[in-house]
Amino acid sequence: MPQEDSKKLFKGALILTIAATITKILSAVYRVPFQNIVGDVGFYIYQQIYPIYGVAISLATYGFPVIISKFIAEGEAANSNIKQMMKSIFLMLSSLGIILFLLFFIGAPYIADLMGDSKLGPLIRIIAFSFLLVPFISVIRGFFQGIGSMLPTAISQVTEQFIRVASILLLTYFLVRKGYSLYIAGEGALIGSVIGGVVSLLVLIWFLLWFRNRHPLSVRVSPMILGKKTFLLQGLAICISGMMLVLFQFVDSLDIYALLTKSGVSIGEAKSLKGIYDRGQPLLQLGTIVATSLSLTLVPLISGAFQNGDLSSLKEKVGIALKISIIVGIGSAIGLINIIHPTNIMLFKNDHGSLVLAVFSVSILFSSIILTITGILQGIGRVYIPALYMVIGVIVKFLTNQLLVPKFGTLGASVATVLSLCMVAVFFMKELRKLKIGKLPALFYIKVLASAFIMTLVLQIWLICLESFLPSNRLSSVILALSGVVIGGAAYIISIMCFKVFLREDVLFLPFGERLFRIFTNKER
């Protein structure tokens with residue numbers, strides 16, 4: 001039975017990981033055609049409001065459903081039934097959702113003024129409606145996850161993102177073609193986001209009705225759920241951990257544009273500069289997808305090893321997760337920096353802000369480490385520590401923005417992001433050291449950096465050779481960027497394998513791991 005439970009747990013986590021990967025890819029990719037439709041100023045308008053939507057998504061995806069599912073899954077010998085528990089939680093979350101809705105709906109003009117752009121008020125009011133969906137989506141997802149059925153959550157997430165992306169692009173394209181202002185186009189994009197949430201809820205309701213017709217709601221749940229304070233605190237802690245990047249974006253929305261205009265930059269230029277800076281967000285999301293997806297598949301194994309008291313297995317799994325995040329994080333960050341100029345043109349039509357984006361790309365490494373260790377700490381029951389470090393990081397980000405943006409513009413904002421994430425990553429690594437897990441040898445870092453250097457050397461030679469005979473246009477940038485990904489990625493992977501950075505047991509966790517190990521070594525270690 002324990003083995004069957006373990007397989008079920010891993011299968012469920014894998015389903016959610018696949019769904020999360022698909023939604024993250026869609027969330028990153030749609031921003032490119034969106035920016036191409038509305039330009040840098042239109043992108044600035046949308047990105048100013050997006051973090052508020054990101055908060056609602058985190059509440060309904062990463063925080064409360066996880067806590068709800070935990071109480072259901074662990075409550076086999078409880079005295080209260082699931083109907084009572086669901087009512088209690090729903091009332092709690094409804095109160096929270098209404099408070100947040102009123103905060104953003106009524107406070108929209110004040111928040112817009114704080115951002116330095118009063119025209120953003122109507123957009124904030126539109127996205128405020130997302131918070132009214134949170135209690136419904138959270139409770140239904142938490143219920144299904146608690147009984148071990150991950151499919152409803154996965155399908156609702158993917159459906160929501162597909163509908164949302166399609167609605168955003170279609171509505172925005174229509175409004176821009178008809179000659180409406182970029183602010184109206186932004187309203188259309190945000191309406192598309194709300195539509196995606198509504199569709200997600202309808203999918204979940206269908207699953208719930210289907211389930212109720214076949215199974216009476218008689219599942220027993222843990223009496224711990226009666227501790228409302230504990231439920232809210234744990235839910236919010238997991239939410240904060242899951243929306244690290246969103247919180248950093250929210251800080252940027254509040255102060256970059258305002259700081260630029262206060263320092264003497266014209267209104268039009270400040271909007272454009274903020275829009276160019278926001279090009280880094282899809283690059284960051286794409287850069288962290290591989291590391292977080294590979295690492296998330298290990299989290300159930302880490303949790304299982306911890307619960308079984310198997311310290312040796314725990315150290316092994318944590319070490320593998322860290323290796324993957326660091327290797328992929330360094331490779332993605334350094335690789336993107338090398339090809340940032342053609343990539344910028346390929347995706348966004350011009351090379352404006354390439355230096356800003358190159359600096360911003362370094363955050364891919366630290367984000368990969370932070371997201372991975374967050375999963376590890378949550379897997380061993382440390383829920384509050386990641387949230388505490390995230391809050392500290394957000395505060396540092398805000399303060400460094402105040403210092404650097406007036407002097408260095410959006411380049412200062414990129415530096416502030418990198419410094420803040422670096423600090424948080426160091427805190428997380430030290431936390432693992434305290435627990436005596438996750439320590440990697442210095443030789444590992446030397447080998448990975450050497451591989452990154454080789455990749456850089458190969459990439460620069462390749463780019464110089466191609467640029468010598470290619471014309472200077474967008475199509476050439478597409479060729480340079482895509483070929484750079486292939487050539488640089490191949491050079492990096494070959495170097496990693498030749499330096500034997502991975503042990504055989506590490507490689508087996510990678511796609512085609514057994515084949516890769518056989519190619520690059522003739523003996524097991």
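Given the structure is predicted, the values throughout are model-derived calculations rather than measurements.

Across its full length, the protein carries 23 helices and 2 strands. Relative to its 525 residues, the protein shows a buried fraction of 54%. Sequence separation of 24 or more characterises 82% of the internal contacts of the protein that already satisfy a separation of 6 or more. Roughly 22900 Å² of accessible area belongs to the protein as shown, and the carbon and sulfur atoms make up 70% of that amount.

What follows is about unusual backbone geometry. The phi angle of most residues is negative, glycine excepted, and most peptide bonds adopt the trans form. For lysine 349, which is not a glycine, the phi torsion comes out positive at approximately 80°. Tracing the chain through its elements places lysine 349 in the loop between α15 (340–348) and α16 (354–361). Judged by its relative accessible area of 47%, lysine 349 is partly exposed. If you check the backbone angles, lysine 436 has positive phi at about 60° while not being a glycine. You can see lysine 436 is positioned in the loop between α19 (410–434) and α20 (442–467).

So, on to the pattern of salt bridges. Opposite charge on two side chains makes pairing possible when the charged atoms of those side chains draw close. Throughout the structure, instances matching the rule amount to 6 salt bridges. Among the salt bridges present, the one from glutamate 160 reaches arginine 141, with a minimum N-O distance of 3.5 Å. Separated by 19 residues along the polypeptide, glutamate 160 in helix α7 (residues 151–177) and arginine 141 in helix α6 (residues 130–146) bring together distant segments of the chain. For the pair glutamate 160 and arginine 141, a shared accessibility class is recorded, and that class is buried. We note a salt bridge from lysine 397 to aspartate 252, for which the minimum N-O separation is 2.9 Å. Placement of the pair is lysine 397 in helix α18 (residues 384–408) and aspartate 252 in helix α10 (residues 244–262), with a sequence separation of 145 residues. Both residues of the pair, lysine 397 and aspartate 252, count as buried. Overlapping salt bridges bring together Arg382, Glu431 and Lys434 as one network.

This paragraph deals with α7. Relative to the 39 Å expected for 27 residues at 1.5 Å per residue, α7 spans 39 Å between its end C-alpha atoms, a close match to the ideal helical length. Remark: glycine 179 follows α7 within two positions and exhibits a positive phi of approximately 90°.

Right, let's get into the confidence of the model for the protein. When pLDDT is averaged along the protein, the result is 84; 85% of the residues meet or exceed 70. With pLDDT under 50 throughout, residues 218–226 is counted as low confidence; its partners more than four residues away or in other chains account for 31 contacts.

Contact pair helix α17 (residues 363–379) / α18: the axes reach a minimum separation of 8 Å and the direction vectors enclose 150°. Considered as vectors, α17 and α18 are oriented roughly antiparallel to each other. Together, Ile370, Thr374 and Leu377 of α17 and Ile385, Pro386 and Met390 of α18 make up the contact between the two elements. When the residues that make up the contact of α17 with α18 are grouped by side-chain class, the tally is 5 nonpolar, 1 polar and no charged.

This part is about the packing of aromatic side chains. A complete count under the given rule lists 20 aromatic pairs for this structure. Aromatic side chains phenylalanine 105 and phenylalanine 129 sit 5.8 Å apart centroid to centroid with 80° between the ring planes, which places their arrangement in the edge-to-face category. Pair noted here: phenylalanine 105 is in helix α3 (residues 82–106) and phenylalanine 129 is in the loop between α5 (121–128) and α6, with a separation of 24 residues, a long-range link. A relative accessible area of 37% means that phenylalanine 129 is categorised as partly exposed. An aromatic cluster is present here, built from Tyr30, Phe34, Phe43, Tyr46, Tyr50 and Tyr53 joined pairwise through their rings. Against the face of tyrosine 50 rests arginine 31, its NZ or CZ located 4.3 Å from the ring centre. Here the guanidinium or amino end of arginine 125 rests over the ring plane of phenylalanine 105, the centre of that ring lying 5.3 Å away.

Below, the discussion takes up α10. In a regular helix each residue adds 1.5 Å, so 19 residues correspond to 27 Å; α10 covers 27 Å between its end C-alpha atoms and thus fits that length. Taken as a whole, α10 carries its principal kink of about 30° at aspartate 252. Of all 19 residues in α10, 15 are buried, a share of seventy percent or more. Note on α10: the residue one or two positions beyond its end, glycine 264, has a positive phi of about 110°.

Within this structure, the stated rule accounts for 4 cavities of 30 Å³ or more. Approximately 100 Å³ is the volume attributed to the largest cavity. Lining of the largest cavity is provided by 13 residues; of these, Ala56, Ile57, Ser130, Ile137 and Glu160 occupy positions nearest its centre.

For the rest of this paragraph, the subject is the packing of α10 against α18. Where α10 meets α18, the closest approach of the two axes is 10 Å, and the angle between their N-to-C directions is 20°. Our classification of the angle between α10 and α18 gives roughly parallel. Remark: the crossing between α10 and α18 carries right-handed chirality. Where α10 approaches α18, its residues Met244, Leu247, Phe248, Val251, Asp252, Asp255, Ile256, Leu259 and Leu260 are matched on the opposing element by Met390, Gly393, Val394, Lys397, Phe398, Asn401, Gln402, Val405 and Pro406. Partitioned by chemical class, the residues of the contact of α10 with α18 number 12 nonpolar, 3 polar and 3 charged.

Let us now look at the environment of aspartate 252. Aspartate 252 gets classed as buried once you look at its relative accessible area, which sits at 2%. Distance in space between the C-alpha atoms of aspartate 252 and serine 414 is 10.0 Å, their sequence separation being 162 residues. The contact partners of aspartate 252, leaving out residues within four places of it in the chain, are Gln48, Tyr257, Lys274, Tyr277, Lys397, Asn401 and Thr417. Within the local environment of aspartate 252, its side chain forms a polar contact with the side chain of asparagine 401, the two groups lying 3.0 Å apart.

What counts as what
- Residues numbered from 1 in each chain as written.
- Predicted model: local features only at pLDDT ≥ 70, side-chain atom pairs only at ≥ 80, totals over all residues.
- Heavy atoms only, no water.
- Helix = DSSP H or I, 4+ residues; strand = E, 2+ residues; numbered from the N terminus.
- Buried < 20%, exposed > 50% of the residue type's maximum accessible area, 1.4 Å probe, protein only.
- Contact = heavy atoms within 4.5 Å.
- Areas by Shrake-Rupley, 256 points an atom, 1.4 Å probe, with all protein chains shown as cover.
- Salt bridge = Lys/Arg side-chain N within 4 Å of Asp/Glu carboxyl O.
- Expected span 1.5 Å × (residues − 1).
- pLDDT = per-residue confidence, 0-100.
- Axes fitted to C-alpha atoms, helices over the stretch in contact; angles between N-to-C directions.
- Parallel < 35°, antiparallel > 145°, perpendicular 65-115°, else oblique.
- Nonpolar A, V, L, I, M, F, W, Y, C, P; charged D, E, K, R; others polar.
- Phe/Tyr/Trp six-rings, centres within 6.5 Å; stacked < 30°, edge-to-face > 60°.
- Lys NZ or Arg CZ within 6 Å of the ring centre and 35° of its normal.
- Bend = angle between axes of the 7 residues up to and from the residue.
- 1 Å grid on protein atoms, 1.4 Å probe; cavity = no way out; pocket = protein on both sides within 12 Å on 5 of 7 lines; lining within 4 Å.
- Points joined across faces, edges and corners; volume = space filled by probe spheres on them.
- Left-handed = near helix turned anticlockwise from the far one by under 90°.
- Polar contact = N/O pair within 3.5 Å; in protein donor to acceptor, adjacent residues only side chain to side chain.

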